[in-house]
Amino acid sequence: MNNAEELKKIVKDKYSEIALQSKEQNETSCCGATGCCTVDYAIFADNYTELEGYNPDADLGLGCGVPTEFAQIKKGDVVLDLGSGAGNDCFVARAIVGETGKVIGVDMTEAMIAKARDNAEKLNFNNVEFRQGEIEDLPLAANRVDVVISNCVLNLVPDKKKAFAETYRVLKPGGHFSISDVVLVGDLPAGLVNAAEMYAGCVSGAIQKEEYLQIIRNAGFTNVIVQKEKAIQLPDEILSDYLDEAGIKQFRESNTGIYSITVYGDKPLEAACCAPGSGCC
């Protein structure tokens, strides 16, 4: 595919468009922002509407799980949301941490940051803030947060090793993460892997499940477990944009699977500020 900077531009452009649309627009246009019948984000999204702290203005229907469900967030915690979008998971986390805690959202898309800040201002929250930045170079000092969450974002990051090294760096020793993401079991057809739209739609940016979990372990995290897993089925009308009839049949009959997983990991209490081998300390 394209190099890292081109991929980041694809994602930034795509999600800048999405930021200007409502959840209903993203779900009723066949693929969200582009209107080109590529990826329907509702295929991935879970329902948030019954959760305390849910704010419909912040829900663009872009997630693939509910990371706060398993994140073991406590009152008073400092929580960081990677790829915070319009603030959906941040506001749910804020309902858990309460007035004594703090929630920080980081997103590289200026339009998403503006939307999230506007939502926070309407809610009159003074302990939720949004910072523009990249997950591979987080705008936070080391050892600052108790819990890191993220929802269907790290699969879009070209350098996943650096992303998890940064996650490790900003967590306090004894802190942990709970991240929902998209992974693969088996190899995607080349037509999907090479499609920029599918990358921005979270599919072709995904890597093998075992490779993903090993990156997390190599970053220094312990007690790495998959908390939830579900298969994602792409309809034929989406696949037909990238594969011919024979290719779709072969894909259906293969052992390839696309999965949404929520994965957990601890930063050890005795941990240094940075991931093993990163050299940042």
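Here the structure is a predicted model, which means the values were calculated and not measured.

Participant: I'd love a proper account of the confidence of the model for the protein chain, names of residues and values included.
Facilitator: Put simply, the protein chain has an average pLDDT of 81, and 72% of its residues get 70 or more. Strand β1 (residues 78-82) holds the highest mean pLDDT among the elements of the protein chain, 98, whereas helix α7 (residues 196-200) holds the lowest, 48. Note that residues 27-44 has pLDDT below 50 and, in this model, 59 contacts with residues that lie over four places away or in other chains.

Participant: For helix α4 (residues 110-123), give the residues involved together with the corresponding values.
Facilitator: Given a rise of 1.5 Å per residue, 14 residues ought to cover 20 Å, and the 20 Å separating the end C-alpha atoms of α4 matches this to within 8%. Within α4 the residues assigned to the buried category are M112, I113, A116, N119 and A120. Along the long axis of α4, the arc covered by the buried residues comes to 130 degrees, so they all point the same way. Exposed residues pointing more than 90 degrees away from the buried face of α4 are listed as E110, E121 and K122.

Participant: Quick one: what's the story with the nonpolar core, residue by residue and with numbers?
Facilitator: One finds L80, L154, F164, Y212, I216, F221 and V263 to be the most contacted residues of the largest nonpolar core, which totals 34 residues. Of all elements in the fold, only β1, β2 (102-107), β4 (145-151), α5 (160-170), β5 (171-185), α8 (209-218) and β7 (257-266) reach the threshold of two or more residues within this core. Residue contributions to this core peak at 5 residues, all from α5. Not counting the four nearest positions on each side in its chain, V263 is found in contact with F177, S178, I179, Y212, L213, I216, V224, I225, V226 and Q227. Counting residues in hydrophobic clusters, the runner-up holds 17 residues, among them A58, A71, I73 and V147.

Conventions and cut-offs
- Residues numbered from 1 in each chain as written.
- Predicted model: local features only at pLDDT ≥ 70, side-chain atom pairs only at ≥ 80, totals over all residues.
- Heavy atoms only, no water.
- pLDDT = per-residue confidence, 0-100.
- Helix = DSSP H or I, 4+ residues; strand = E, 2+ residues; numbered from the N terminus.
- Contact = heavy atoms within 4.5 Å.
- Expected span 1.5 Å × (residues − 1).
- Buried < 20%, exposed > 50% of the residue type's maximum accessible area, 1.4 Å probe, protein only.
- Arc of directions from axis to C-beta.
- Core = buried A, V, L, I, M, F, W, Y, C linked by side-chain atoms within 4.5 Å.

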